[in-house]
Number of protein chains: 4
Amino acid sequence: MTNIAILVGRIARDPETRTTQGGTTVTTISLVTDRPARDKEGKTYKDENGYTAKDSEFHRVTCFNGLGQNVAKYCSKGQLVSLEGRIHYTQWNDQDGNKRYGCEILADKVDFLSRPNRSDNQDAPPIDED
Amino acid sequence: MTNIAILVGRIARDPETRTTQGGTTVTTISLVTDRPARDKEGKTYKDENGYTAKDSEFHRVTCFNGLGQNVAKYCSKGQLVSLEGRIHYTQWNDQDGNKRYGCEILADKVDFLSRPNRSDNQDAPPIDED
Amino acid sequence: MTNIAILVGRIARDPETRTTQGGTTVTTISLVTDRPARDKEGKTYKDENGYTAKDSEFHRVTCFNGLGQNVAKYCSKGQLVSLEGRIHYTQWNDQDGNKRYGCEILADKVDFLSRPNRSDNQDAPPIDED
Amino acid sequence: MTNIAILVGRIARDPETRTTQGGTTVTTISLVTDRPARDKEGKTYKDENGYTAKDSEFHRVTCFNGLGQNVAKYCSKGQLVSLEGRIHYTQWNDQDGNKRYGCEILADKVDFLSRPNRSDNQDAPPIDED
DNA sequence: TTTT
DNA sequence: TTTT
């Protein structure tokens, strides 16, 4: 059944990557999407710096295997990215034995809409995400 | 910036609806999307009842105003529904003062793909969701 | 770059399928999506049969390989289907040498939301579309 | 019923805009989405200039009313844009009386992902698309 | 050309 | 926690 998330936003910090015991690469990014904030009358307004105020959402996005490797290699803080994936909910018990819930986007495809910002990636080639 | 969720699934339980002090109707539904579960070899398998095993996601979906009223009126447990909205994260402090996080889909449109199941809605007309 | 079409609708007629010289299965379906028609005041209205009048779009959807085989096998006229794909434009010269243009959806996934209607498929199992 | 197109691409030429007799602004843009081209083995390859070869789709996108006005005002050739809309098919008779068919995306939202390129728009403010 |  |  259809469970699709489509996001275009900026990478909030450099990706985190790890390899599972089974050899799977798992890369996590934080992606910010924002939209104009509205006051009670439904109108947009400026923030103290003169920019249109906005409401931001910070999405936790997880990428596996080859996609995870590419994202870890070519993706960096500040980059503009579009991606497609599905919404997945997680749960676990915290140290106090309380049930905790999380939500993440499991990405199927990631497209890079701006060049990498990391100094060590200045000539990174465009990547094909699948 | 693009933040779109598109879901097709079944309503897990009858909607809950309330009205804020400001007069806004807020209706919440739990929507289940599922996909075939895969074993370690990536193959689908049967559960103990002979059905293809599945992984289910339970989405919390919130509908405001007229859409919230229609969903409260015409939507019921078991119904097949398609919807479009955006992903929104919430946070609050629990009774122990710990920060807690939640995730919900704020729906823009809801389409009913099967007839209502509630006895009191047998002749509910098809609704136009916007 | 993102090019995504997401459709939920009914199959307008039984699928057509063929195999290319290279052995690729190519199955084509006609999918109808509709939305409430609106009059000049932007209001919905009833047709002569008492149903809410609607505007219909007939999408040409193409499915390749295994997906094409499944769709040919299990899909039939009248079935409710959700699908994801991308928009593709074609062009060719007609018999008079005029350039002609077409548009089709190349499907990546197809989900069956209702049982098949064909008498020879009454006990077709649910299919996994990828 | 769900009929959603989501596109991220570049504007191929400056928008064309007109006003109907009824006073509706209608703006049309050509949006290019591309993806890596694949050879028969399914691998990407380089073109004669050393770039990864790509397959391009040129979408005709139509925007009405306020959205049409904003797009006409702030949008220009070369700009990177993300948009959401629905697929619509048109038909008409050509000068020889033959039935001709077209396809366009009727946009609901347009987001500008890069600054305008037109010299007369250098200090255009960011726009809110709805 | 579908279905309610 | 991003960017304009």
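Note that the structure is a prediction, hence the values are computed from the model and not measured.

**A few points about the protein's contact with DNA strand F**
Residues and elements named next belong to chain A.
Inference 1: Around DNA strand F, a shell composed of R10, I11, A12, R13, S30, V32, Y51, K54, S56, F58, K77 and G78 is seen.
Inference 2: Backbone atoms, meaning sugar and phosphate, form 33% of the atoms of DNA strand F found within 4 Å of the protein.
Inference 3: In this structure, a sugar or linking oxygen belonging to DNA strand F sits 3.3 Å away from a side-chain N or O atom of R10.
Inference 4: Within the contact set of DNA strand F, a base oxygen lies 2.7 Å away from a side-chain nitrogen or oxygen of R13.
Inference 5: Mapped onto the surface near DNA strand F, the elements with two or more residues apiece are strand 1 (3-19), strand 2 (25-36) and strand 3 (54-64).
Inference 6: If you tally residues by element for the surface near DNA strand F, the top one is strand 1, at four residues.
Inference 7: The residue inventory of the surface near DNA strand F, partitioned by class, reads five nonpolar, three polar and four charged.

**Structural notes on the protein's contact with DNA strand E**
All names here are of chain C.
Inference 1: Around DNA strand E, a shell composed of R10, I11, A12, R13, S30, V32, Y51, K54, S56, F58, K77 and G78 is seen.
Inference 2: Expressed as a percentage, the sugar and phosphate content of the atoms of DNA strand E within 4 Å of the protein is 30%.
Inference 3: Within the contact set of DNA strand E, a sugar or linking oxygen lies 3.3 Å away from a side-chain nitrogen or oxygen of R10.
Inference 4: One of the side-chain nitrogen or oxygen atoms of S30 is found 3.2 Å away from a base oxygen of DNA strand E.
Inference 5: Looking at the surface near DNA strand E element by element, the count peaks at three residues for strand 4 (residues 54-64).

**Let's talk about the interface of chain C and chain A**
Inference 1: Contacts between chain C and chain A engage seven residues on the former and seven residues on the latter.
Inference 2: Across the chain C/chain A interface, buried area totals approximately 640 Å², and carbon plus sulfur atoms make up 50% of it.
Inference 3: The tally of links between chain C and chain A comes to zero salt bridges.
Inference 4: The interface formed by chain C and chain A includes four residue pairs in polar contact (both at pLDDT 80 or more).
Inference 5: For the side of chain C that touches chain A, a count of residues per class yields three nonpolar, two polar and two charged.

**Overview of the relation of the copies chain C and chain A**
Inference 1: When chain C is fitted to chain A, the best match, at an RMSD of 0.0 Å, comes from turning it 180° and sliding it 0.0 Å along the axis. These values place the two chain copies in the arrangement generated by a two-fold rotation axis. The position closest to the rotation axis in chain C is occupied by the C-alpha of I4 of chain C, lying 5.4 Å away.
Inference 2: Both copies share a contact surface, since 100% of the interface residues of chain C are interface residues in chain A too.

The rules we used
- Residues numbered from 1 in each chain as written.
- Chains lettered and ligands numbered in written order.
- Predicted model: local features only at pLDDT ≥ 70, side-chain atom pairs only at ≥ 80, totals over all residues.
- Heavy atoms only, no water.
- Near = heavy atom within 4 Å.
- Polar contact = N/O pair within 3.5 Å; in protein donor to acceptor, adjacent residues only side chain to side chain.
- Helix = DSSP H or I, 4+ residues; strand = E, 2+ residues; numbered from the N terminus.
- Nonpolar A, V, L, I, M, F, W, Y, C, P; charged D, E, K, R; others polar.
- Contact = heavy atoms within 4.5 Å.
- Buried area = accessible area lost by both parts, 1.4 Å probe.
- Salt bridge = Lys/Arg side-chain N within 4 Å of Asp/Glu carboxyl O.
- Least-squares fit on C-alpha atoms with pLDDT ≥ 70 in both.

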